[in-house]
Amino acid sequence: MNGKSMDANTPAADILLDIRQLETTFFTHVGPVQAVRGVDLKVERGEAVGIVGESGCGKSVMSMSIIGLVANPGKIVGGQIFFNGQDLAKMADKDLRKIRGNKIAMIFQDPMTSLNPVKKIGGQIMEVLHLHQSISREDARKRAIELLNLVGIPSPESRLDQYPFEFSGGMRQRVMIAMSLACDPDLLIADEPTTALDVTIQAQILELMSDLRNKINSSIILITHDLGVVANLCDSIRVMYAGKIVEEGKTRDIFYEPRHPYTWGLLNSIPKINIEEKERLIPIDGQPPDLLKPPAGCAFAERCPHAMAICQQQQPPLIKAGQGHEHRAACWLNHAQAEAVAAPLFAAQTQQDKLEGQA
Amino acid sequence: MNQGDIPVMNEQAKSGTGNREVLLEVQNLKKYFHVSRGFGRTGKLKAVDDVSFQIFKGETFGLVGESGCGKTTIGRTIARLYKPTAGLIKIGGTDIAHLNQKQLRPFRRKMQVIFQDPYASLNPRMTVGDIVSEPLDIHKIAVGPERQKKIYDLLESVGLTKEHANRFPHEFSGGQRQRIGIARALALEPELIICDEPISALDVSIQAQVINLLEDLQKDKGLTYLFIAHDLSMVQHISHRIGVMYLGHLVELAESRTLYDEPLHPYTQALLSAIPVPDPDETSRRKRIILEGDVPTPIDPPAGCPFVTRCPKASPRCKEERPPMVETRPGHFVACFVVNEKFVTE
């Protein structure tokens, strides 16, 4: 937690990234696939935001939209992306290129394929610096050594002259992180940064990232399918489903007081390792909807055990939910007229109860 | 299975495990691969090096470890998709490690494999019905209407419908494809199913569906699973006993509850502490053991304990000698000098 004031009248200057009603569609030969269907996202300076969702929920497409790298046949068809007051969605590619890698940097999932295999690590880091700053060769090299040091790569002077194949997966991801930090970005987007790594290496990278949070001032958007990864690192969380944000709030709100049945489902699908008795997992039945023809009502209604008549007909807006100040859920259950539904037990809640029981 | 075999196998059952019937016994299994290291040099990649364990009838035995630790190679060697370099693989008392393909046939009916990637493990040009019934055709078990009925039964047992039989794999989602893979594995009514990372390619909510299906099938059909995965929390959920692997070696083996409550091997301790817990308070409270460095290459493993290069507790002895698997408590085996010395002094 960064201990920022969470006043309702927080001045707009604090907001680094402000996405409004972003819509990104892929025009495929079978028809338009609406991957992102109206997402609002605000990221404050220095804030770490976790975006959680399953494959196909639009979380990666949304982040690619921010830096203007949506692959053909995808297009941003609506909405604005204000970054430092400029609308990235309308910006020419020439201008975007000055921001990409400079003010907004990205860490990708697979460190094996995102580094150039025929260029030395040092050259690849220095390339970023030369591209965005007027800096001498010596200074760029010094900065590259500094960066490798920062991300915990031993003997950086000699490592600079090695090729990516000489690094292990975890080390390559460290190099990627070093590259992304080269120009002191305002915003760092990490798209599943630890998914391709082993558990013990993942722990190393997560440790590094939370360590870096104290050393750099960048805001972070962390995209992942693993609720365990965001629990440690993020100030706030957005849960995405079928191209929309279905729940948003502070990390504690999402884990201890979730108010959307999809979030309940996600939390319940994870086995609880600290529970004495083995319980049966509670999966979410069915599958996510086809975004070629998204449903008229709530996209989760078909799989939702609590679905009501209105859910099939009308899309729920993000409604204020729970006690948390910025906690909102796109579910009609949170509407004043809906009957109260008791949330099923989930991992974190059960442990909370356990603690209270001990106290 | 021959009823007469059972008393013999009960005698083999090790202490602390009671009078349970051993379905699969692996003894000193080794699987080395010859690899080229360039410039005409060759090396031996010791994917599995001297591993022994037993699987009891009706249980789920979990095998965990990071990529490259040899867990998949063990599964594939047991299924005899690889020929072992040395060691015994006893299924129902018979050693199948050195049988030829023809001799293996009857044993193939006893064990089947569910593979990790539901996209790559189904032939895209075959209908689901043909995929599921291929084992029946190979073993000449059912033809005509009987075969048809069997296909429908199998599809229904994994939560699909008979309408699905005439469709092709590309029409299905990942979770449904894995169901097709499970139906195929069930076709021969095997005793042992080797599940090689069956849920790793699936989304969280779909993983739980498949895990529940596997648990239901085990209950209904009395199946035995060898469950190979790197997701420790899922393995703990589904397994009765768990073996932890590192660099081709089994380093710890215990009941799943015991392993999570009191891990003894320094590697197991680090592995468990590295699981990201979906609980912010718990995460900040927990002390995480962050291991330094990476797993060494299995082409040139350390001489002593495989874990010695990263072990926070390593002693000089660990560099020279390989620690044997020792039963520290009934049913809890650990291969670590430091841990074993502690237990001896106690």
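Residues numbered from 1 in each chain as written. Chains lettered and ligands numbered in written order. Predicted model: local features only at pLDDT ≥ 70, side-chain atom pairs only at ≥ 80, totals over all residues.

Looking only at helices and strands, chain B features 13 helices and 12 strands. Here the C-alpha atoms of chain B give a radius of gyration of 21 Å, agreeing with the 20 Å that 2.2 N^0.38 yields for 346 residues. Along the three orthogonal principal directions, the C-alpha set of chain B runs to about 65 × 55 × 50 Å. Taking all 346 residues of chain B together, the buried fraction comes to 46%. In chain B, of all internal contacts separated by at least 6 residues, the share reaching a separation of at least 24 is 62%. (Helix = DSSP H or I, 4+ residues; strand = E, 2+ residues; numbered from the N terminus. Rg over C-alpha atoms; globule rule 2.2 N^0.38 Å. Buried ≥ 20, exposed ≤ 12 C-beta atoms within 10 Å, placed from the backbone. Contact = placed C-beta atoms within 7 Å.)

Before going further, it helps to examine the overall build of chain A. Tallying secondary structure elements over chain A gives 12 helices and 12 strands in all. Residues classed as buried in chain A amount to 48% of the 359 residues present. For chain A, the proportion of contacts with a sequence separation of at least 24, taken over those separated by at least 6, is 66%.

In a beta sheet, neighbouring strands are held together by backbone hydrogen bonds and run either parallel or antiparallel to one another. Residue and element names in this part refer to chain B. On the basis of which strands lie adjacent, the open sheet formed by eight strands has the order β6-β7-β8-β3-β9-β10-β12-β11 and mixed pairing. Each having just a single partner strand, β6 (111–114) and β11 (326–329) make up the two edges of the open sheet. Strand-to-strand, the axes of this sheet are offset by a mean angle of 20 degrees, without reference to chain direction. For strand β3 (residues 60–64) and strand β9 (residues 241–246), the ladder comprises four bridges, and the chain directions are parallel. Across the sheet, Phe61 pairs through a bridge with Arg241, a residue of β9. Along the sheet, helix α10 (residues 266–273) contacts β9 and β10 (249–255); its crossing angle with β9, the most-contacted strand, is approximately 105 degrees. (Pairing = 2+ DSSP bridges. Axes fitted to C-alpha atoms, helices over the stretch in contact; angles between N-to-C directions.)

So, on to the sheet that holds strand β4 (residues 74–83) of chain A. Residue and element names in this part refer to chain A. Across the sheet, which stays open at both edges, the four strands sit in the order β2-β1-β4-β5 with antiparallel pairing between neighbours. The open sheet terminates on both sides in strands that have one partner only, identified here as β2 (31–44) and β5 (86–87). One ladder, built from two bridges, connects β4 with β5; its direction is antiparallel. Looking at the pairing, Phe83 lines up with Gln86 of β5. Packed on one face of the sheet, helix α1 (residues 59–66) meets β1 (15–28), β2 and β4 and runs near 70 degrees to β2.

Turning our eyes to something else, we now look at the environment of Pro156(A). All names here are of chain A. Along the chain, the position of Pro156 falls in helix α5 (residues 156–159). By the C-beta count within 10 Å, which is 19 here, Pro156 ends up partly exposed. Sequence separation between Pro156 and Glu44 is 112 residues; the distance between their C-alpha atoms is 33 Å. Dropping the residues within four chain positions of it, Pro156 is found in contact with Ile145, Leu148 and Asn149.

On to the nonpolar core, then. One finds Leu222(A), Leu226(B) and Phe227(B) to be the most contacted residues of the largest nonpolar core, which totals 191 residues. Those residues within four positions of Leu226(B) in sequence are excluded, and the remaining contacts are Ile55(B), Phe61(B), Leu63(B), Gly75(B), Ile78(B), Leu192(B), Ile194(B) and Cys195(B). (Core = buried A, V, L, I, M, F, W, Y, C linked by C-beta atoms within 7 Å.)

Moving on: the packing of helix α6 (residues 169–180) of chain A against helix α7 (residues 199–215) of chain A. Residue and element names in this part refer to chain A. One way to put it is that α6 packs onto α7 with a least axis distance of 10 Å and a crossing angle of 20 degrees. Between α6 and α7, the angle falls in the class roughly parallel. Pair α6 / α7 crosses with right-handed handedness. Mapping the contact onto sequence places Gly169, Gly170, Gln173, Arg174 and Ile177 in α6 and Ile201, Gln204, Ile205 and Leu208 in α7. When grouped by side-chain class, the residues that make up the contact of α6 with α7 number four nonpolar, four polar and one charged. (Parallel < 35°, antiparallel > 145°, perpendicular 65-115°, else oblique. Left-handed = near helix turned anticlockwise from the far one by under 90°. Nonpolar A, V, L, I, M, F, W, Y, C, P; charged D, E, K, R; others polar.)

Glancing now at the interface of chain B and chain A. Listed as interface residues are 33 residues of chain B and, on the opposing side, 40 residues of chain A. Elements with a contribution of two residues or more to the side of chain B that touches chain A: α7 (204–221), α8 (232–238), α10 and α11 (280–285) of chain B. Among the elements that take part in the side of chain B that touches chain A, α7(B) stands out by supplying seven residues, more than any other. A breakdown of the residues in the side of chain B that touches chain A according to their chemical character gives 16 nonpolar, 11 polar and six charged.

Another aspect to go through is helix α4 (residues 128–138) of chain B. Residue and element names in this part refer to chain B. Every buried residue belonging to α4 is among Val128, Gly129, Ile131, Val132, Ser133 and Pro135, and all of these are buried. Considering only its buried residues, α4 is in contact with α5 (144–157) and α6 (174–186). In the segment just after α4, Lys140 is the residue with positive phi, at about 50 degrees.

All names here are of chain A. Because side chains alternate across strand β6 (residues 104–107), one face comprises the buried residues Ile104 and Met106, and the other comprises Ala105 and Ile107, equally buried. Here β6 pairs with strand β7 (residues 187–191) via four bridges, running parallel. Across the sheet, the residue bridging to Met106 is Ile189, located in β7.

Moving on: the environment of Asp191(A). Residue and element names in this part refer to chain A. Checked against the element boundaries, Asp191 lands in strand β7. Considering only alpha carbons, one finds Asp191 and Gln109, 82 residues apart in sequence, at a separation of 5.7 Å. Apart from residues no more than four positions distant in its own chain, Asp191 is found in contact with Ser60, Ser63, Met106, Ile107, Phe108, Gln109 and Ile223.

Quick look at the confidence of the model for chain A now. For chain A, the mean per-residue pLDDT works out to 87, and 90% of the residues sit at or above 70. Per-residue pLDDT stays below 50 along residues 1–12 of chain A; that stretch engages in eight contacts with residues further than four places along the chain or on separate chains. (pLDDT = per-residue confidence, 0-100.)

All names here are of chain B. Counting buried residues in β9 gives six out of six residues, a clear majority hidden from the surface. Burial along β9 is two-sided: the face carrying Arg241, Gly243 and Met245 and the face carrying Ile242, Val244 and Tyr246 are both buried. Pairing geometry for β9 and β10, over six bridges, is antiparallel. Pairing of Met245 across the sheet is with Leu250, part of β10.

All names here are of chain B. Taking 1.5 Å per residue, 14 residues should reach 20 Å; α5 reaches 20 Å between its end C-alpha atoms and fits that length. Those residues of α5 that fall on the buried side of the exposure criterion are Ile151, Leu154 and Leu155. When α5 is viewed along its axis, its buried side chains cluster within an angular range of 95 degrees and face the same direction. Exposed residues on α5 whose side chains face more than 90 degrees from its buried face are Pro145, Glu146 and Lys149. Looking at the buried positions of α5, the neighbouring elements they touch are α4 and α6. (Expected span 1.5 Å × (residues − 1). Arc of directions from axis to C-beta.)

What follows deals with the packing of α6(B) against α7(B). Residues and elements named next belong to chain B. Here α6 crosses α7 at 20 degrees, and the two axes come no closer than 10 Å. As far as their axial angle goes, α7 and α6 are roughly parallel. For the pair α6 and α7, the sense of crossing is right-handed. Contact residues: Gly174, Gly175, Gln178, Arg179 and Ile182 in α6; Ile206, Gln209, Val210 and Leu213 in α7. A breakdown of the residues in the contact of α6 with α7 according to their chemical character gives four nonpolar, four polar and one charged.

On to the confidence of the model for chain B. Predicted coordinates in areas of low pLDDT are best not read in detail. Residues and elements named next belong to chain B. Overall, the predicted model of chain B reaches an average pLDDT of 88, with 94% of residues at or above 70. Across residues 1–17, confidence stays below pLDDT 50; counting only partners more than four residues off in sequence or on other chains, it has 19 contacts. Reported confidences for the modelled complex are a pTM of 0.86 and an ipTM of 0.81.

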